[in-house]
Structure formats: C-alpha cells, structure tokens
Amino acid sequence: MQVTVRPVSSKRELKQFLALPRRIYACYSDYVAPLDHDRAQLIDPARSAFWTHGEAAYWLAYDGEGRAVGRISAQIDHLATGAQHEGIGFFGCLDAVDDEGVVVELVRIAAAYLAGKGSKVMRGPFTLSINAESGLLIDGFTAPPMVLMPWHPPYLRAHLEAAGLKLAKTLHSYGFDRRRSDLADRLEKLGMERRRKGFDIRAMRMDRLAEDAELGRCLFNGSWAANWGFVPVSQAEMAAMIKAFKPLLKAEYGVFVERQGELVGFALFLPNVFEITGDLGGSPSPWGWLKLAWRGLTRRFTGGRAVLFGVAPRLVGSVSGASVALILVDELMRRAAITGVQDLECGWILDDNYAMTSVVEWLGARSTRRFGVFEASIQSHDAHSVL
C-alpha cells in the first residue's frame, strides 16, 4: 500500500486521530468503541493531564486515496526519571489497518522524532502514560471490554515486530468472578477475621474526595516506586481521573486500611463504563447522550477494575505487607457483594512479579488478557534510519 504519514496539526486532524480506531476496527466483533469524549481526556493537549508533565506529537498515515489508515504518537514523559528511564522515549496510540508497511512507516516516523529528542530507546505503546492505558493487547482478544484497557487486533503485534521492536515485558490482567469463584472460601482459610484485627478499614469519603485521592496517590507511588517502568501518578492525573469518574463513583469503591492512624493500604475500584457506553458508539447522538446520563444515574455496575492498589512502602515485601494486601482484596470482595459487582479485574501485573501472580492465582483469579510492552534501540545520528 502506498502510504503517506503527516503530523496532526489541526483540530480537525486531532478529531480524526481520536476517531480512527472505531472506524478501522468496526469490522471486528470483539472491538467495542470507547467514547471519543473519553479518548480526548487522555489525548487532547487541551484536556489531557499528561500534558502537565510531558510532551507528545501525533501522526496519521494516509493511503493513496487520502484515507486515514493508521496513527501513532511519540512522547517524552518528564516524570519518567532515574536510571531505569535514562535515554528512553515512549510511543503509543498505535492503531492501523492490516498492512505491515503502514505500521513500519509509522514506527519509523515516531522513532525519528524520539531520536531527535535525544532518546536512545523507544518503548510502548502507552496512551500516553504508563498510568493510563499500557501495552499492546497480545492475548485475550475476545474478553469483554474493560475500563482503561486497550484493544488491538491480533495482526498488530506481527507488524510491530516487523518494524524492529521486540517484546520487553508482558503485563497480565486477572479477573475474579464472584458467581463461580471460591475466593471467599480461600480467604476464610487464611483467617481473614483474625488478620483484620488491629486495622481500621474505611471507605472513601465522598465529602473529602480530593483529600482521600491525594492520600491514596501518595501511598500508591511509594508502594510501586521500585517496580519496572514505574512512573509516579501526578496530582493532575489523579485529579483528572477522579473528575472523569466522579458521577459514577461510590464510597465503597475506595478502600483505606489504617493502623494506629497510619495509612498502610489503599485500593481504588473503577466501574466498567463500557456497561453503559458500549452500545452507543464513539460519538453518540443527542438521544444517546440522554441514555448515557440516565444509565449513569440508575445502573448498578456488575464489573470493574482495581486501578490502584498498594501498601505502605515500609511494608512492601514483608509478611505484614502481604496481610494488608489480603485485607484489601477481602474488603473489595465484601463490598462487591453489597454493590452488586460480580466481575473484578485486577491489572496489570508484571510477568516477573512472581509473588503477586502466585497470590492472585492461588486466590482463584483467571488470566483475562495480556499486554506486551515493546522496545527498540534508536540512533539519533540518522533520522532516516533509526531502528
């Protein structure tokens, strides 16, 4: 296919960039389009919290007839600091038709941009931050859509590898199904009532939501600071997430575990918005927006995802830390029984985080989908041949 790649430089092109996946993936029954409005919260420079700590460029690929057939971003995250991020630039928003040449050219352009910024390695895909949507879907293509988890067609991995990128890490997502899970029995065997003694467990305070969100953010960042690829969640990102989901949040979706006044555990559950948006398409009609508003007010969500989960940094890797983590899981499941949630997804978890994967698998979680993070070395001296 003859392909031309051009930078996104106008509001019209940005709108086309946002809507491209739902147009080129419309023929795939497993793809469910997110709302363009929600995509804009992650991508639009005027709305995305990423732009408070990063910079990015976007490109669209066009075929010989002028139709958009692919897209990509390249970004520098100024919060990605330290030795593990030295020389690393990121790419993301990778979506394309089933044509190797389109993906190869998009990757080449993104790599040249990052090389021009001084990057030695390109890593991704991320939209736009590792704390938003992470990785390329490589397994679980038929799994139901889940909030803040991307969908990609199976062919995209091969095209990305043809462009010179290699799999660096695999991110696993696990699901608990309360309708057929023996999780409650397994937790009981661990003596949860005994473990919970000495801890104060409370819900999120809706009248002090910003304060609780900041407490949770700080604990999460400290808990995972030593993790591969870690980039701290910024205040702006946390505030943006809470603002976006506030109409759907309930106090029970946040779990705070304290001991003697110290916060030692935190988890935040987000309802799966696809339950109320999935049949509306990416750009609903006025009637569709009315439906969405009504559903948001009346719907009891049956599924969702634990997006933030952590224990106090000083407890990480300790027996006490493991107990706090189990208390968080136990409390999430107890509250699910109250709120009507049946499917709880926990993700993502790194493939080499054996301690965490062994625990969730022992608790009866099933693997629902896997995402790949890919890397390639790039050379700044030759922008025409960087991979």
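One structure accompanies this document, and this report is about it. Residue numbers restart at each chain and count upward from 1, following the sequence in its written direction. Reporting in this predicted model follows two pLDDT cut-offs: at least 70 for local features of residues, and 80 or more for side-chain atom pairs to be given and counted; totals over whole chains, interfaces and linings ignore these cut-offs and use all residues. Derived side-chain values reflect all non-hydrogen atoms in the structure, with water molecules and hydrogen atoms excluded from consideration.

## So, the overall build of the protein chain
Stage number 1. Helix and strand assignments come from DSSP, with helices taken as H or I runs of at least 4 residues and strands as E runs of at least 2, each series counted from the N terminus. The number of helices and strands found in the protein chain is twelve helices and 15 strands.
Stage number 2. Values of the radius of gyration come from C-alpha atoms, whereas the globule rule sets the reference at 2.2 Å times the count of residues to the power 0.38. Scaling as 2.2 N^0.38, a compact globule of 387 residues should have a C-alpha radius of gyration of about 21 Å, and the protein chain matches this with 21 Å.
Stage number 3. By the counting rule applied here, Lys and Arg register as positive and Asp and Glu as negative, while His and the ends of each chain are not counted. Every charge is mapped to an atom, namely NZ of Lys, CZ of Arg, CG of Asp or CD of Glu. In the protein chain, the 45 positive side-chain charges and the 43 negative ones have mean positions that sit 4 Å from each other.

## Quick look at the environment of Arg314
Stage number 1. Assignment of secondary structure puts Arg314 in the loop between strand 13 (303–311) and helix 11 (319–339).
Stage number 2. On the basis of relative accessibility, which here comes to 54%, the residue Arg314 falls in the exposed class.
Stage number 3. Separated by 158 residues in the primary sequence, Arg314 and Leu156 have C-alpha atoms spaced 41 Å apart.
Stage number 4. Any two residues whose heavy atoms approach within 4.5 Å are treated as being in contact. Here Arg314 is in contact with Arg259 and Glu262, once residues within four sequence places are set aside.
Stage number 5. Polar contacts here mean pairs of N or O atoms no more than 3.5 Å apart (in protein, one a potential hydrogen donor and the other a potential acceptor; neighbouring residues in sequence count only if both atoms are side-chain atoms). Engagement of the side chain of Arg314 in a polar contact is seen with the side chain of Glu262, the distance being 2.8 Å. Relative accessibility under 20% of the residue-type maximum defines a buried residue, over 50% an exposed one, and the middle range a partly exposed one, all with a 1.4 Å probe and only protein chains included.

## Some details on the packing of helix 3 (residues 100–116) against helix 4 (residues 155–162)
Stage number 1. It is the contact of helix 3 with helix 4, at a shortest axis distance of 8 Å, that shows an interaxial angle of 55°. Judged by the inter-axis angle, helix 3 sits oblique to helix 4. Crossing handedness for the pair helix 3 and helix 4: right-handed. Within the contact between the two elements, helix 3 uses Glu100, Val103, Val104 and Val107 and helix 4 uses Leu156, His159, Leu160 and Ala162.
Stage number 2. Polar here means any residue other than Ala, Val, Leu, Ile, Met, Phe, Trp, Tyr, Cys and Pro, which are nonpolar, and Asp, Glu, Lys and Arg, which are charged; Gly is therefore polar. Here the residues of the contact of helix 3 with helix 4 sort into six nonpolar, one polar and one charged. To define axes, lines are fitted to C-alpha atoms, for helices over the stretch in contact only, and angles between the resulting N-to-C directions are given on a 0 to 180 degree scale. An angle below 35 degrees is read as roughly parallel, one above 145 as roughly antiparallel, one from 65 to 115 as roughly perpendicular, and any other as oblique. In this scheme, a crossing is called left-handed if the near helix is turned counterclockwise away from the far one by less than a right angle; it is called right-handed if the turn is clockwise.

## Quick notes on the packing of aromatic side chains
Stage number 1. Two aromatic rings, drawn from Phe, Tyr or Trp (for Trp, its six-membered ring), form a pair once their centres lie within 6.5 Å of each other, and the interplanar angle then sorts them: stacked below 30 degrees, edge-to-face above 60, tilted otherwise. Applying the stated criterion to the full structure yields twelve aromatic pairs.
Stage number 2. On the numbers, 6.4 Å between centres and 50° between planes, the contact of Tyr28 with Tyr155 is tilted. One end of the pair, Tyr28, is in the loop between helix 1 (11–24) and helix 2 (36–43); the other, Tyr155, is in helix 4, with 127 residues separating them in the sequence.
Stage number 3. When its relative accessible area of 13% is taken as the criterion, Tyr155 is described as buried.
Stage number 4. Each residue in the set Tyr25, Tyr28, Tyr31, Trp151 and Tyr155 is aromatic and connected to the rest through ring pairs, giving one cluster.

## Quick notes on the pattern of salt bridges
Stage number 1. Each salt bridge in this description consists of a side-chain nitrogen of Lys or Arg and a carboxyl oxygen of Asp or Glu lying within 4 Å of one another. Inspection of the entire model under this criterion finds 26 salt bridges.
Stage number 2. Arg202 serves as the salt-bridge partner of Asp212, at 2.9 Å between the closest nitrogen and oxygen. Of this pair, Asp212 sits in helix 7 (residues 209–224) while Arg202 sits in strand 10 (residues 200–203), and the two are ten residues apart along the sequence. As far as the burial class goes, Asp212 and Arg202 line up, both buried.
Stage number 3. A salt bridge links Glu345 to Arg369; the shortest N-O distance between them is 2.9 Å. Taken as a pair, Glu345 in strand 14 (residues 343–350) and Arg369 in strand 15 (residues 366–377) lie far apart in primary sequence, 24 residues in all. By the burial criterion, Glu345 is buried, and Arg369 matches it.
Stage number 4. Each of the salt bridges in this network shares a partner with another, and the network as a whole consists of Glu193, Arg196, Asp330, Glu331, Arg334 and Arg335.

## Comments concerning the side chain of Asp330
Stage number 1. The topology assignment puts Asp330 in helix 11.
Stage number 2. Reaching out from Asp330, the side chain makes a polar contact with the side chain of Arg196 at a distance of 2.9 Å.
Stage number 3. Those residues in contact with Asp330 that sit more than four places away from it in its chain are Leu187, Met192 and Arg196.

## Brief notes about the pairing of strand 2 (residues 54–62)
Stage number 1. Counted residue by residue, strand 2 has eight buried out of nine residues, so it is predominantly covered.
Stage number 2. Where strand 1 (residues 4–7) and strand 2 come together, four bridges link them in antiparallel fashion. Bridge pairing in strand 2 links Pro7 to Trp59.
Stage number 3. DSSP calls a pair of strands paired once it identifies at least 2 bridges connecting them. In the sheet, strand 2 pairs with strand 3 (residues 68–77) via nine bridges, with the strands oriented antiparallel. The partner of Gly54 across the bridge, within strand 3, is Asp77.
Stage number 4. Where strand 2 folds back onto strand 3 in an antiparallel hairpin, the turn is made up of five residues, including Gly66, whose phi is positive at roughly 85°.

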